[in-house]
Amino acid sequence: MRSLIRFFSSLRLAIVLIILLAAASVLGTLIPQGRTLEEYAVRYGGAAGILVKSGLTGLYHAAGFLALLILLGLNIAVCTLTRLPGKLRRAFRPRLETEAKALAGFKIHDRLKRSAPLAEVRERLETAMREAGWRVRSESRENRVHILARKRTAGLFGSDIVHLGLLVLLAGGIVTAAAGFRTELALSEGLTLDVPKAGFALRLDKFDTEYHPDGSVKAWKSSVTVLEAERPVRQAVIAVNHPLTHRGYSFYQMSYGDDWDATRVTLAVRKKDDPAPARPIILHPGRRLALGDAAGSEIELKRFLPDFVLGEGNRPENRSYRPDNPAALVEIRGGGETAFEGWVFANYPGFAQAHGREASGWEVGIKAFDAPRFSVLEAAKDPGVPLIWIGCLLGMAGLFLAFYWPAREIRAGLEEANGRTDIGLGGTAAKGRDRLQAEFTALVESLRRPT
Amino acid sequence: MTESTFFAAALAVYAAAAFFYLLFLFNGKERSAKTGFAVAVAGFVLHTGALILRTVESGHAPFTNMYESLSFLAWASVLAFVLVTLRFRMHRVGPYLLLIVIGLMALASSPLMPKEATPLVPALQSYWLWLHVSVTLLGEAFFAIAFVTSLMYLKARDPEKKERLDAVSYRAISVGFPLFTLGGLVFGMVWAQKAWGTYWSWDPKEVWSLITWFVFALYLHTRIVMGWKGRRSAFIAVLGFLAALFTFFGVNYLLAGLHSYA
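Notes on the structure in this doc start here.

Basis of the calculations
Residues numbered from 1 in each chain as written. Chains lettered and ligands numbered in written order. Predicted model: local features only at pLDDT ≥ 70, side-chain atom pairs only at ≥ 80, totals over all residues. Heavy atoms only, no water. Helix = DSSP H or I, 4+ residues; strand = E, 2+ residues; numbered from the N terminus. Rg over C-alpha atoms; globule rule 2.2 N^0.38 Å. Buried < 20%, exposed > 50% of the residue type's maximum accessible area, 1.4 Å probe, protein only. Contact = heavy atoms within 4.5 Å. Lys, Arg positive; Asp, Glu negative; His and termini not counted. Charge placed at Lys NZ, Arg CZ, Asp CG, Glu CD. Buried area = accessible area lost by both parts, 1.4 Å probe. Polar contact = N/O pair within 3.5 Å; in protein donor to acceptor, adjacent residues only side chain to side chain. Nonpolar A, V, L, I, M, F, W, Y, C, P; charged D, E, K, R; others polar. Patch = residues over 30% accessible without salt bridge, like charges linked within 9 Å, V, L, I, M, F, W, Y side chains within 5 Å. Areas by Shrake-Rupley, 256 points an atom, 1.4 Å probe, with all protein chains shown as cover. Salt bridge = Lys/Arg side-chain N within 4 Å of Asp/Glu carboxyl O. Phe/Tyr/Trp six-rings, centres within 6.5 Å; stacked < 30°, edge-to-face > 60°. Lys NZ or Arg CZ within 6 Å of the ring centre and 35° of its normal.

1. Notes on the overall build of chain A
Move 1: The helix and strand inventory of chain A stands at 10 helices and 23 strands.
Move 2: For 451 residues, the compact-globule formula gives about 22 Å, and the C-alpha radius of gyration of chain A, at 39 Å, lies well above that figure.
Move 3: Burial statistics for chain A: of 451 residues in total, 43% are counted as buried.
Move 4: For chain A, long-range pairs separated by at least 24 residues make up 57% of all intrachain contacts whose partners lie at least 6 apart in sequence.
Move 5: Placing the 61 positive and 48 negative side-chain charges of chain A at their respective mean positions leaves the two points 12 Å apart.

2. Things to note about the interface of chain A and chain B
Move 1: The interface is formed by 46 residues belonging to chain A together with 43 residues belonging to chain B.
Move 2: In total, about 3700 Å² of surface goes out of reach between chain A and chain B, with carbon and sulfur atoms giving 72% of it.
Move 3: Three residues, Thr 29, Asn 241 and Phe 403 of chain A, lead the burial of chain A against chain B; their summed loss comes to 17% of the area buried on that side.
Move 4: Linking chain A to chain B there are 11 residue pairs in polar contact (both at pLDDT 80 or more).
Move 5: Looking at the side of chain A that touches chain B, the elements that each hand over two or more residues are α2 (11-30), α5 (63-92), α8 (158-179), β7 (217-228), β10 (249-258), β21 (373-381) and α9 (385-404) of chain A.
Move 6: Of the residues forming the side of chain A that touches chain B, the biggest block, 10 residues, is contributed by α2 of chain A.
Move 7: Per-class residue counts for the side of chain A that touches chain B are 27 nonpolar, 10 polar and 9 charged.

3. Here's the deal with a nonpolar patch on the surface
Move 1: A cluster of nonpolar side chains, contributed by Met 1, Leu 4 and Ile 5 of chain A, occupies part of the molecular surface with about 330 Å² of accessible area.
Move 2: Note that Ile 5 of chain A resides in helix α1 (residues 2-8).

4. So, the packing of aromatic side chains
Move 1: Applying the stated criterion to the full structure yields 38 aromatic pairs over all chains.
Move 2: Summarising the aromatic geometry, the rings of Phe 200 of chain A and Phe 251 of chain A are spaced 6.0 Å apart at their centres and angled 75° between planes, so their arrangement reads as edge-to-face. Within this pair, whereas Phe 200 of chain A is found in the loop between β5 (192-194) and β6 (201-211), its partner Phe 251 of chain A is found in strand β10, the two being separated by 51 residues in sequence. Take Phe 200 of chain A and Phe 251 of chain A: they sit in the same class, and that class is buried.
Move 3: Here Phe 304 of chain A and Phe 369 of chain A contribute two aromatic rings whose centre-to-centre distance is 5.6 Å and whose plane-to-plane angle is 40°, an arrangement assigned as tilted. Residue Phe 304 of chain A is found in strand β14 (residues 298-305), and its partner Phe 369 of chain A is found in strand β20 (residues 362-370); the two are separated by 65 residues along the sequence.
Move 4: The exposure class of Phe 304 of chain A is buried, given its relative accessible area of 5%.
Move 5: Every member of this aromatic cluster is reached through a ring pair, and the members are Phe 400, Phe 403, Tyr 404 and Trp 405 of chain A together with Phe 177, Trp 213 and Phe 214 of chain B.
Move 6: Across the ring face of Trp 134 of chain A, the terminal group of Lys 151 of chain A is positioned such that the distance to the ring centre comes to 4.8 Å.

This is the structure we're talking about:
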């Protein structure tokens, strides 16, 4: 047990762990993380399989990396705890006694004699110290008076508070990993979805994209309603940098898109030998409608692609989700047989890639199309977050104490001999010795001054 | 007068300041160094004007693309240099630091850097942009000072001079480290939580900030607890600034991630 504590309290271990963590972190930024096996195969060829199995492609979540973090946590905890009792004793029950020889060994020290009785010199020194803002403790022991004057004692604990903050931060990370929950909600306008495990639902009322004058995107805004037991309880607008938080769940604007499968397509349909103008027909993919002619024809919108392209084997497919080449596959059946079947294009109204029915008596075009927008929100519940903020606050407070609030102390030993008092003084500071030197000199000067 | 005029003027004035400082390196006259310092301060005023004009013209913080960020890092480095010079009177730092500043600004004005002020993408529209980037880059500016003094330490021969360079490196890091921690890591996490819904996502820029932080944590622990000084500390400080520079610059061009703004 004791050797285990010694192992974990060593700074050497901390240094080794920090170097290992830094090296592993570098590696993790050189190998792209969390991609698919196919992507690795393209990049690394035959080595891809081994790479994925070794955990290097999910390095920051690999057991070895987590073990390093946990070891560092243990190291910090043991290191801090083994040093703490000594520091607490120094802060709250300090030894006041300092040998004259020890005082002379301080980096800042001085010695002087005053022809005044000890009690008077003691009184004068302590008053001067108090007036200069020092907290003074003293005791007299065997003809010698020991004085300890201190400032900013809290600074002693700066590094411990930083370490405590880091431990809280690590704990927060563990809570996030163990109990954090996040999922994506893809909501079309008007759609309501239950938030998993949350006991309330979210409805997307409207999704808006706002633009800057130069055409770039200014904002994506999802107007949502929170529903509890099917009753609206709250309305909010979620935008990037402006999440909504409700009952411990937060919702972030992540992405958006057009729900092309639910496109409302307006087709212009005309019988070639009919002099009447084309009729607008409104259809959704998969729906059919009677044309109301004598033959009892029916029109069906079989598919809609926002960006039509001929893929492998000349099969029509979507190139992107932008409406760059909108196309509709339309079929008209009348009297038990197909009168028209083919792709019609919004951008090329004269062109119909018809399948064997070029000579059909129908003319079909796309007049308009309108897909409902959907918004992708990320729903997250992370009970680790408060710990993270507490850890950050402690860490920053500790850094401030360690760097800008350094503890300083001046020790003095007074002895009387033949009606004269001999004064030895010594000062130490963790940082900011210039400042202490100035204060020390001022104190010595005030003692030298005649009464 | 436009922002680019002020920027060019600041660059020219910094070059003049570097000239006086270089003169000081050769003739050793305190007066040349003092002139260099005064000229550098004048350049700093012009540079501040450029940043203010940029903010007014664009309507957002002056560090949203690489051109702006480089310019701001150069400005922060001069600010750190002015503060360190006033405190420690280390004139010899001047020429080297100004060369870095001129290098950063020359890089910013290269034709490869798009300079036009574009409207902010939604992810950057937050007051955290101001807090996160300015505090981080200010911290990195102090790391730049430590980088210069550490390199000078490694080159210097005079023990007394070495002692002072070592002390200034340590002081610069003890200002830079809390600033970098606050701006880069803490403010970064707060903003990430607000914008992306997660305080940490192991994005390459986040990881490299952490690596930089590790290096300086190593510097502080070996120094304060193990009593390392001088040569070994100087090496770690140099390494730390290179890591910071890679975080700032390399990640954008060599590694892909969420942080694809600047």
